[in-house]
Amino acid sequence: MKKKTILISAFLLLAQLLSGCQPPQNGQPLTKSGFYFDTVISVTIYDKSKESLLEDCFELADRYEQYFSNTVEDSDISKINASAGTPVVVHEETAELLSKGISYGELTDGRFDITVGKLSDLWNFSTKALIEEADASMIPSEEEIDSARSTVDYHCIQLDGTTVTLTNPDARIDLGGIAKGYIADRMKEFLNENGVTSGFINLGGNVLTLGAKENGSPYRLGIQRPFSETGTSIAVVSVTDETVVSSGVYERCFTVDDTLYHHILDVSTGYPYDNGLLGVTVITKYSADGDALSTSCFSLGLTDGMALIESLDGTEAVFITDDYELHTSSGIGTAIPFEEILQ
């Protein structure tokens, strides 16, 4: 398995991204940003002659949001969720992504489950995480949780080519745990096909690099220190033509009576996981896999999650436990705690 190194730095995450992407001799980096999938996304390339491709990337983002979003009324996913169990014909890419989501359900014995829609809608962390004064009214009742949890079972998704049927009409699909990674992969594929071999794509923290920097050196990407208000990193990974994807309790959360409630939900209980982890970062080839694996490994916990990573070729991970210790897979090596740099 290819070796990588983790370098510790006191730079801010944004500074680390920029320091890993110095403009080449032929000009400044070209970046386009926008708001899709409830997050800010950006694409950066270095070839001025390819600038028009940035707009094409965002047309892809818009198209896939119309396919995969469960909040866009006439998207493929919304049509499936509203179908009351009748068959729905979807786009080929939607069927492909559903198939991948189901495969991760199989891999994790249901810990990763794309029919989590009713449960995630019930908790609604996208909105509640923005409320400064959290209170107990934001926590769903046991009855609501049990009702939503009873609809979570990826086995109820039947795929026949591009025809999708929910055998449980009450189930709701939510592709939030894998869609951004899939879209990043399609953007990279499009850019590569059009001659772009250097740059990076950032879809709300799903960072996918295109090759190496133009001088041949790797990109250096920061892993955020959990709950850092300034975006300070706890580590930096050096990658070439790979993706870095993180899932953590600090991304969307609120606190009530000294208890933290976050968006990574245990489908067996209906509540956020409390397993001693603050975050998991996965480094691998494809961003859809990194997206699903970061959530899956968090759900599995440190021991089982690390075992899963070690079983996969070309895949590494950094786990951050609630004592802020870094636990790295065997292909990465030893990481130095951030605090030791400041001594």
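Cut-off values and rules
- Residues numbered from 1 in each chain as written.
- Predicted model: local features only at pLDDT ≥ 70, side-chain atom pairs only at ≥ 80, totals over all residues.
- Heavy atoms only, no water.
- 1 Å grid on protein atoms, 1.4 Å probe; cavity = no way out; pocket = protein on both sides within 12 Å on 5 of 7 lines; lining within 4 Å.
- Points joined across faces, edges and corners; volume = space filled by probe spheres on them.
- Helix = DSSP H or I, 4+ residues; strand = E, 2+ residues; numbered from the N terminus.
- Nonpolar A, V, L, I, M, F, W, Y, C, P; charged D, E, K, R; others polar.
- Patch = residues over 30% accessible without salt bridge, like charges linked within 9 Å, V, L, I, M, F, W, Y side chains within 5 Å.
- Areas by Shrake-Rupley, 256 points an atom, 1.4 Å probe, with all protein chains shown as cover.
- Salt bridge = Lys/Arg side-chain N within 4 Å of Asp/Glu carboxyl O.
- Lys, Arg positive; Asp, Glu negative; His and termini not counted.
- Charge placed at Lys NZ, Arg CZ, Asp CG, Glu CD.
- Expected span 1.5 Å × (residues − 1).
- Buried < 20%, exposed > 50% of the residue type's maximum accessible area, 1.4 Å probe, protein only.
- Contact = heavy atoms within 4.5 Å.
- Pairing = 2+ DSSP bridges.
- Axes fitted to C-alpha atoms, helices over the stretch in contact; angles between N-to-C directions.
- Parallel < 35°, antiparallel > 145°, perpendicular 65-115°, else oblique.
- Left-handed = near helix turned anticlockwise from the far one by under 90°.
- pLDDT = per-residue confidence, 0-100.
- Phe/Tyr/Trp six-rings, centres within 6.5 Å; stacked < 30°, edge-to-face > 60°.

**Some details on the layout of surface pockets**
Of the voids in this model, the second largest pocket is the one considered here, and its volume is about 240 Å³. Lining the second largest pocket are 15 residues, with Val 249, Leu 260, His 262, Tyr 273 and Asp 274 positioned closest to its centre. If you tally residues by element for the lining of the second largest pocket, the top one is strand β13 (residues 259-262), at 4 residues. Split by residue class, the lining of the second largest pocket holds 9 nonpolar, 4 polar and 2 charged.

**What about a negative patch on the surface?**
A contiguous patch of negative charge on the surface is contributed by Asp 274, Asp 322, Asp 323 and Glu 325. Positionally, Asp 274 belongs in the loop between β13 and β14 (277-284).

**A closer look at helix α8 (residues 179-193)**
In a regular helix each residue adds 1.5 Å, so 15 residues correspond to 21 Å; α8 covers 21 Å between its end C-alpha atoms and thus fits that length. Counting buried positions along α8 yields 11 of 15 residues, so the element is predominantly enclosed. Those residues of α8 not exposed but buried are Ala 179, Lys 180, Gly 181, Tyr 182, Ile 183, Ala 184, Asp 185, Arg 186, Met 187, Lys 188 and Leu 191. Where the residues of α8 are buried, they touch β3 (39-45), α2 (52-68), α4 (92-107), β7 (199-203), β8 (206-210) and α9 (287-310). Of the residues trailing α8, Gly 195 is marked for its positive phi of about 90°.

**A word on the sheet that holds β3**
Sheet architecture is open: 8 strands sit in the order β2-β3-β7-β8-β11-β14-β15-β16, paired in antiparallel fashion. Each edge of the open sheet carries a strand with a single partner, namely β2 (30-36) and β16 (326-328). Sheet twist, expressed as the mean angle between neighbouring strand axes with direction ignored, is 15°. Here 2 bridges tie β8 to strand β11 (residues 243-248), and the two strands are oriented antiparallel to one another.

**Brief notes about the environment of Thr 86**
Here Thr 86 is to be found in the loop between α3 (76-81) and β4 (88-89). Spatially, the C-alpha atoms of Thr 86 and Thr 165 are 6.0 Å apart, while their sequence positions differ by 79 residues.

**A look at the pattern of salt bridges**
All chains considered together, the criterion is met by 8 salt bridges. As a salt-bridge pair, Arg 149 and Asp 146 come within 3.5 Å of each other at their nearest N and O atoms. A residue pair is termed a helical-turn pair when its members lie 3 or 4 positions apart in one helix, as Arg 149 and Asp 146 do in helix α7 (residues 142-149) at 3 residues. Residue class for Arg 149 comes out partly exposed when judged on its relative accessible area of 28%. Accessibility expressed as a relative area gives 38% for Asp 146, which makes it partly exposed. As a salt-bridge pair, Asp 241 and Lys 188 come within 2.7 Å of each other at their nearest N and O atoms. Of this pair, Asp 241 sits in the loop between β10 (233-239) and β11 while Lys 188 is found in helix α8, placing the two residues 53 residues apart along the sequence.

**Considering the packing of α2 against α4**
Remark: α2 packs on α4, axes separated minimally by 10 Å, with the N-to-C direction vectors making an angle of 65°. The pairing of α2 with α4 is recorded here as roughly perpendicular in orientation. For the element pair α2 and α4, the recorded crossing hand is right-handed. On α4, the residues touching Arg 63, Tyr 64, Tyr 67 and Phe 68 of α2 are Glu 93, Thr 94 and Leu 97. Grouping the amino acids of the contact of α2 with α4 by side-chain chemistry returns 4 nonpolar, 1 polar and 2 charged.

**Describing the confidence of the model for the chain**
On average, the chain scores 89 in pLDDT, and the residues at 70 or more come to 89%. pLDDT under 50 marks residues 1-25. Its contacts with residues more than four places away, or in other chains, come to 79 contacts. In the model, residues 334-343 has pLDDT below 50 throughout and makes 17 contacts with residues more than four positions away in sequence or in other chains.

**Notes on the packing of aromatic side chains**
Here the structure, examined in full by the defined rule, presents 16 aromatic pairs. Plain terms: the ring middles of Tyr 64 and Tyr 182 are 6.0 Å apart, the flat faces sit at 85° to each other, and that makes the pair edge-to-face. Of the two residues, Tyr 64 is situated in helix α2 and Tyr 182 in helix α8; the sequence distance between them amounts to 118 residues. Among the residues examined, Tyr 64 registers a relative accessible area of 4% and is labelled buried.

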